[in-house]
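Chain residues, written in single-letter form:
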Amino acid sequence: MADNVFSEGVSDDPDAGLPNVLDLVSQVATEVQKDVGGFLLAGLPPAGLLFAGTFGALFAVYGSMFLGMLPGMLGEDEDLAALGGLGLMTVTLLGVVLALVAITTPMWASLYRAVWGSLGRGEKLGIGSAFSSMGGDLGAQFLYVVLSGAIVLVGLSFCYVPGLLAQAMLMFAWPAVVLHRMPVGRAISWSFGHAMAHPAWHLGLWAVTLVMGMILPYIPFLGYMLLFTVQPLFVLLAYRAVAGDGDTARDLA
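Residues numbered from 1 in each chain as written. Predicted model: local features only at pLDDT ≥ 70, side-chain atom pairs only at ≥ 80, totals over all residues. Heavy atoms only, no water.

**Structural notes on the nonpolar core**
Test applied: Joining through side-chain atoms within 4.5 Å is the link that ties buried Ala, Val, Leu, Ile, Met, Phe, Trp, Tyr and Cys residues into a set, and such a set is a nonpolar core. Accessibility here uses a 1.4 Å probe with only protein chains present; expressed as a share of the type maximum, an area under 20% marks a residue as buried, one over 50% as exposed, and anything in between as partly exposed. The numbering of helices and of strands both runs from the N terminus, where a helix is a DSSP run of H or I of at least 4 residues and a strand a run of E of at least 2. The contact rule is simple, with two residues in contact once any of their heavy atoms fall within 4.5 Å.
If you look at the biggest cluster of nonpolar residues, it comprises 58 residues, and the most contacted ones within it are Phe172, Trp190, Trp201, Leu205 and Tyr239. Per-element accounting of this core gives the leading share, 14 residues, to helix H9 (residues 222-243). Ignoring anything within four residues of it in the chain, the contact list for Tyr239 reads Trp116, Phe172, Pro175, Ala176, Leu179, His180, Trp190, Gly244 and Ala249.

Laid out in structure tokens, this is it:
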């Protein structure tokens, strides 16, 4: 295996034939420059939802905590106030998280399909990209979110690092589900299998997505708009190199 996972492999490198990570970053810049406005507009709905959801969640959580404490406060029972506040706040927080997941999951899938269409068919991105295909394969999408979340959480419970590795190994499972309509279990297995065969390359990909997630949010609002489109673009450029752009993933055709 090549010492530098960001450079081209040599003939005896198991990653030979795969695009190097920095080339993919360069391709991302090229694609975004072709239609900066489209990439920004496509990311506007999820970015707006993120900001509105964050502020809404704060009001809902603290408001529910106050309401839960109210009976105990009126009855001058500190234990009842604490228990009521904590209980209602927990229920409210869980409800907010589930609501956000229910909305953002199909939106995320729609953005992946829209970016995929811009790569393969030259389709224009726009503000409607986050909604254009929200209704497709919802069951598979939510099942994947539950299973992948469980895998990552289990990994995080073992000294954190295995959870991060699981994220890197799952990188191709989501596009396999939403683009090639691969069954969820098979998509996870397929992504894990490719990552096991090319661990350094997948870790390099994951490192770039991590850096994107750390840097772009520091650009006020515009960074979030780009994050929701540029990160899928990077993942899909790598995914296309492995799975191809046909109706099924290349090695399952």
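Now, onward.
**Some thoughts on unusual backbone geometry**
Look at Cys159: it is not a glycine, yet its phi comes out positive at around 60 degrees. Relative to the helices and strands, Cys159 is located in the loop between helix H4 (138-157) and helix H5 (161-169). Backbone geometry at Tyr160 places phi at a positive 75 degrees, although glycine is not the residue there. With respect to the helices, strands and loops of the structure, Tyr160 is situated in the loop between H4 and H5. The class for Tyr160 is exposed, based on a relative accessible area of 51%.

**Some points on the side chain of Asp35**
Mapping Asp35 onto the fold places it in the loop between helix H1 (21-34) and helix H2 (36-74). The contact partners of Asp35, leaving out residues within four places of it in the chain, are Lys124 and Leu125.

**Digging into a nonpolar patch on the surface**
Here is the rule we go by: Each patch groups residues whose relative accessible area exceeds 30% and which form no salt bridge, using 9 Å between like charges and 5 Å between nonpolar side chains of Val, Leu, Ile, Met, Phe, Trp and Tyr. Here the open area of atoms and residues is found with the Shrake-Rupley method and a 1.4 Å probe, where only the protein chains shown may cover a residue. We define a salt bridge as a side-chain nitrogen of Lys or Arg found within 4 Å of a carboxyl oxygen belonging to Asp or Glu.
Among the surface-exposed residues, Phe66, Leu67, Met73, Leu88 and Val91 lie close enough to one another that they form a single nonpolar patch of about 470 Å² accessible area. Of all the secondary structure elements, the ones that give two or more residues to the nonpolar patch are H2 and helix H3 (78-120). Structurally, Met73 is set in helix H2.

**Let's talk about the pattern of salt bridges**
Counted according to the given criterion, the structure contains 4 salt bridges. Between Glu31 and Lys34 there is a salt bridge, with the nearest N and O atoms lying 3.3 Å from each other. Here Lys34 and Glu31 lie together in helix H1, a separation of 3 residues that amounts to about one turn.

**Examining the packing of H3 against H9**
Selection rule: Axis lines are fitted to C-alpha atoms, over the contacting stretch for helices. Their N-to-C directions set the angle, which ranges from 0 to 180 degrees. Any angle between 65 and 115 degrees counts as roughly perpendicular, while under 35 counts as roughly parallel, over 145 as roughly antiparallel, and the rest as oblique. Note on convention: near helix rotated counterclockwise from far helix by under a right angle means a left-handed crossing. Clockwise means right-handed.
Two numbers describe how H3 lies on H9: the axes approach to 9 Å, and their chain directions differ by 60 degrees. The pairing of H3 with H9 is recorded here as oblique in orientation. For H3 against H9, the interelement crossing comes out right-handed. Contacts from Trp108, Leu111, Tyr112, Val115, Trp116 and Leu119 in H3 reach Phe228, Thr229, Gln231, Pro232, Leu233, Val235, Leu236, Leu237, Tyr239 and Arg240 in H9.

**Points about the environment of Met65**
Among the structural elements, Met65 can be located in helix H2. Sequence separation between Met65 and Ala81 is 16 residues; the distance between their C-alpha atoms is 9.3 Å. Residue contacts for Met65: discarding those within four places in its chain leaves Gly85 and Met89.

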